[in-house]
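If you want the building blocks of each chain, they are given just below.
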Amino acid sequence: MKAARWYEAKDIRVETIDEPVIAPGKIKIKVEWTGICGSDLHEYAAGPIFVPVQEPHYVSQDKAPIVMGHEFSGQVTEVGEGVTKVQPGDPVVVEPILSCGECPACKKGKYNLCEHLGFHGLSGGGGGFSEYTMVDEHMVHKMPEGLSYEQGALVEPAAVALHAVRLSKLKPGDKAAVFGAGPIGLLVIEALRAAGASEIYAVELSPERAAKAKELGAREVINPKEEQAVERLRELSGGGVDVSFEVTGVPAVLPQAIDSTSFEGETIIVSIWESEASVQPNNIVLQERTVKGIIAYRDIFPAVMKLMQQGYFQAEKLVTKRIHLDDVVSEGFEALMKEKSQVKILVKSQPE
Ligand SMILES: [Zn+2]
Ligand SMILES: [Zn+2]
C-alpha cells in the first residue's frame, strides 16, 4: 500500500510499504480522509518534535521513518480477536493518542497527560497518510449517521478546540479573545460559540483568515500590524475579556494574550512552542490572573461529533483544498507553508 513517511525535516516520501496485519485487540481501517495539521507542518519544516528518531517510542515501539497523519476517518475492514466496539464496514474516526496506561496520569484517566504521550501518525505505528492503518480498539469511535468521512477528518482538531474551551473558566455570556485564526483558532471560535460566549474577538494578520474568523463567529478581528491588539481588545470588551486563547506559538503574543484579559482573567495556552516566551509576572500577579496550558483532548470525541450533528465545525467552511496522497508534499505541506489563505487541506489516501 501507499503511505507518506517522515524520514527527516523536509524529507517526507510517498512510498510503498506493507499493509498492517490484523492482531488481537486491534482494528484495521481503510483510511478515507486525513487532514494536514500544524504539528505535521512543524515536523516537516523543523522536526523532529514528536517523531521518535533515536529511540523507539515507548508505546508504539517504532521510530523514523514513520507514517504521518493523525486527523483521519475511515472504514473498519477487519477486527482482531476480542474486539467488540465496532465491526467491519463501520465508519470510524480515530482518537490518535498513544498513552502507556500505567503512569500516574493514565491511572487517573487523564491519558492526554501521559508521561509517554505520543500520537498515531506522529510517533510511529502507522498513520492516516496511508491506504490502511491499524489501531487499538480503545482509540476508535464509531461515527454517527449523517456525518461524512470529510467531516470525520475534522473531529480531531475540533476536539483540541473544544477541550481548550471546556477547560477554561468561560461561562455563558462571557467575553473571549482568540489570538491566531489558523485551523485550531477558528475551531476555538466555534467552540466558544457552542459554549455561549457573548462576544468573541480574534487577532489575526492574514485577511483571508480574518474573514473566516468573522464568518465563524468573531465579532471583530484585529490586525495587530494596524492596531494595538491589547488596547483595542480592552476597549472593545470594556476593560478586558474574561478568557483569552493563545493559538499562535509566537513568543511576543503570549504577554498580549495575558494583558488582554480583565482582572481575574484567564489565558489558555493552546500552542506548542519552539522557543521560550517571556512574560512580566506582575501582569499576572497584580490582577490575580491565571495562565493555563492544555494539550490535545480526552473523553471528548463523542461530544464533538454531537456538536457536528448540530452544525458546528462544518467541513464545508473549513476545508479549503482536497488533494491526493501522491501530492501530499507539493500540494499539501508546501502549499500550507506558502499560502495563508489555506485553512484545512484534506488528503485522500485511496487510489482514484
Ligand atoms: Zn493535529
Ligand atoms: Zn501513561
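Here, the structure is the one placed above.
A short tour of the structure in this document, coming up.

Definitions and cut-offs
- Residues numbered from 1 in each chain as written.
- Chains lettered and ligands numbered in written order.
- Predicted model: local features only at pLDDT ≥ 70, side-chain atom pairs only at ≥ 80, totals over all residues.
- Heavy atoms only, no water.
- Helix = DSSP H or I, 4+ residues; strand = E, 2+ residues; numbered from the N terminus.
- Rg over C-alpha atoms; globule rule 2.2 N^0.38 Å.
- Buried < 20%, exposed > 50% of the residue type's maximum accessible area, 1.4 Å probe, protein only.
- Contact = heavy atoms within 4.5 Å.
- Areas by Shrake-Rupley, 256 points an atom, 1.4 Å probe, with all protein chains shown as cover.
- Arc of directions from axis to C-beta.
- Donors = N, O, S within 2.8 Å, 3.2 Å for Na, K, Ca; no water.
- Tetrahedral: all angles 85-135°; square planar, octahedral: opposite > 155°, others 65-115°.
- Core = buried A, V, L, I, M, F, W, Y, C linked by side-chain atoms within 4.5 Å.

### Brief notes about the overall build of the protein
Item 1. Helices and strands together make up the secondary structure of the protein, namely 12 helices and 18 strands.
Item 2. Taking 352 residues into account, the globule formula puts the C-alpha radius of gyration at 20 Å, and the protein, at 20 Å, falls close to it.
Item 3. If you line up the protein on its principal axes, its C-alpha atoms span 60 × 45 × 40 Å.
Item 4. When the 352 residues of the protein are sorted by exposure, 55% land in the buried category.
Item 5. Sequence-distant contacts, at least 24 apart, represent 71% of the contacts inside the protein between residues at least 6 apart.
Item 6. Counting every atom, the protein has about 15,000 Å² of accessible surface; 48% of that belongs to carbon and sulfur.

### Examining helix H7 (residues 229-237)
Item 1. Residues of H7 that are buried: Ala-229, Val-230, Arg-232, Leu-233 and Ser-237. Projected onto a plane normal to the axis of H7, the buried residues spread over an arc of 165° and lie on a single side. Turned more than 90 degrees away from the buried face of H7 sit Glu-231 and Glu-235, all of them exposed.
Item 2. The inward-facing, buried residues of H7 contact strand E11 (175-179), strand E12 (199-203), strand E13 (220-222), strand E14 (241-246) and helix H8 (253-259).
Item 3. Where H7 terminates, the next one or two residues include Gly-238, which has phi positive at roughly 70°.

### So, the coordination of the zinc ion (ligand 2)
Item 1. Coordination of the zinc ion (ligand 2) by the protein comes from Cys-100 (SG), Cys-103 (SG), Cys-106 (SG) and Cys-114 (SG), over a distance range of 2.3 to 2.4 Å.
Item 2. Classification of the site at the zinc ion (ligand 2) as tetrahedral follows from its 4 donor atoms and the range of 103 to 120° in their angles at the metal.
Item 3. Here the donor residues of the zinc ion (ligand 2) share one chain and are spaced in sequence as C-x2-C-x2-C-x7-C. Of the two residues, Cys-103 and Cys-106, both sit in the buried class.

### With respect to the nonpolar core
Item 1. Leu-192 and Phe-245 are the most contacted members of the largest nonpolar core, which has 76 residues in total.
Item 2. Looking at which element gives the most residues to this core, the answer is helix H4 (residues 155-166), with 8 residues.
Item 3. Dropping the residues within four chain positions of it, Phe-245 is found in contact with Ala-164, Val-165, Ser-168, Ala-176, Ala-177, Val-178, Phe-179, Val-188, Leu-192, Ile-268 and Val-270.
Item 4. Formed by 13 residues, the second largest nonpolar core is a distinct cluster that contains Ile-27, Val-76, Val-92 and Met-139.

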